[in-house]
Amino acid sequence: QVQLVESGGGLVQPGGSLRLSCAASGSIGSINIMDWYRQAPGQARELVARITSGGSTNYADSVKGRFTISRDNAKNTVYLQMNSLRPEDTAVYYCKWEIHSGLRIYNIWGQGTQVTVSS
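As the structure is a computational prediction, the values presented were derived from the model and not from experiment.

Caption draft 1: Representation of the side chain of Thr-113 within the structure. Along the chain, Thr-113 turns up in strand 11 (residues 113-117). The class of Thr-113 is buried, set by a relative accessible area of 11%. One polar contact links the side chain of Thr-113 to the main-chain amide nitrogen of Gly-9, over a distance of 3.3 Å. Beyond its immediate sequence surroundings of up to four residues, Thr-113 is in contact with Glu-6, Gly-9, Leu-20, Ala-91, Val-92 and Tyr-93.

This is the structure we're talking about:
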């Protein structure tokens, strides 16, 4: 069974940067959409950034101009470059992929990686 493995989270000071990665542990079908979500304590999970198979990107208003999503199709990996981090960016970050395998379309989630922005 394919799993998504996230890495790159940690503790950073306000204004700092982090780069998250999300890679598949095994072979996978066609990856259509790759998303990054985040969930802060007591809050709903929210979509942070999205990249399609064609390379189109969308961002939450709160991260526009600071975060950049990218994908390496050869490595089946998606990245989230986070710059100018703020305390309100503190959350568990999850990747989610929409997979097309034959006639089947399904989503898979990573286990989450903690990002803490604090001085």
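Caption draft 2: A look at the environment of Ile-105. The residue Ile-105 is located in strand 10 (residues 104-109) in this model. Residue Ile-105 is classed as exposed on the basis of its relative accessible area, which comes to 55%. Sequence spacing of Ile-105 and Ile-31 is 74 residues, and the spatial spacing of their C-alpha atoms is 9.8 Å. Aside from chain neighbours lying at most four places away, what touches Ile-105 is Glu-98, Ile-99 and His-100.

Caption draft 3: Representation of the state of the cysteines in the model. Scanning the entire structure with this criterion turns up 1 disulfide. Disulfide pairing places Cys-22 opposite Cys-95 at an S-S distance of 2.0 Å. Disulfide Cys-22-Cys-95: the torsion about the S-S bond is 60°, which places it as right-handed. Here Cys-22, found in strand 3 (residues 18-24), pairs with Cys-95, found in strand 9 (residues 91-101); they are 73 residues apart in sequence, far enough to count as distant. Side by side, Cys-22 and Cys-95 carry an identical accessibility label, which is buried.

Caption draft 4: Representation of the pattern of salt bridges within the structure. Using the criterion set out here, one finds 6 salt bridges in the structure. Here Lys-96 and Asp-35 are joined by a salt bridge, their closest N and O atoms 3.8 Å apart. In this pair, Lys-96 sits in strand 9 while Asp-35 sits in strand 4 (residues 30-39), placing the two residues 61 residues apart along the sequence. Here Lys-96 and Asp-35 have matching classes, each one buried. With its nearest N and O atoms 2.7 Å apart, the salt bridge here joins Glu-46 to Arg-38. According to the relative accessible area criterion, Glu-46 is partly exposed, its value standing at 32%. For Arg-38, a relative accessible area of 6% corresponds to the buried category.

Reading the values: rules and limits
Along each chain, the written sequence defines residue order, and numbers are assigned to residues from 1. Only residues with pLDDT of at least 70 are given local features in this predicted model, and only at 80 or more are side-chain atom pairs given and counted; all residues enter the totals for whole chains, interfaces and linings. Side-chain measures were taken over the full set of non-hydrogen atoms in the model, leaving aside hydrogen atoms and water. Secondary structure elements are taken from DSSP: a helix is a run of H or I of four residues or more, a strand is a run of E of two residues or more, and numbering for both begins at the N terminus. Only protein chains enter the accessibility calculation, which uses a 1.4 Å probe. A residue is then buried if its area is under 20% of the maximum for its type, exposed if over 50%, and partly exposed in between. The term polar contact refers here to a pair of N or O atoms within 3.5 Å; inside protein, the definition further demands a hydrogen-donor-capable atom paired with an acceptor-capable atom, and it admits residues adjacent in sequence only when both atoms are side-chain atoms. In what follows, a contact means two residues having at least one pair of non-hydrogen atoms within 4.5 Å. Our working definition of a disulfide is a cysteine sulfur pair at a distance within 2.5 Å. Just to be clear on terms, a salt bridge is a Lys or Arg side-chain nitrogen sitting within 4 Å of an Asp or Glu carboxyl oxygen.

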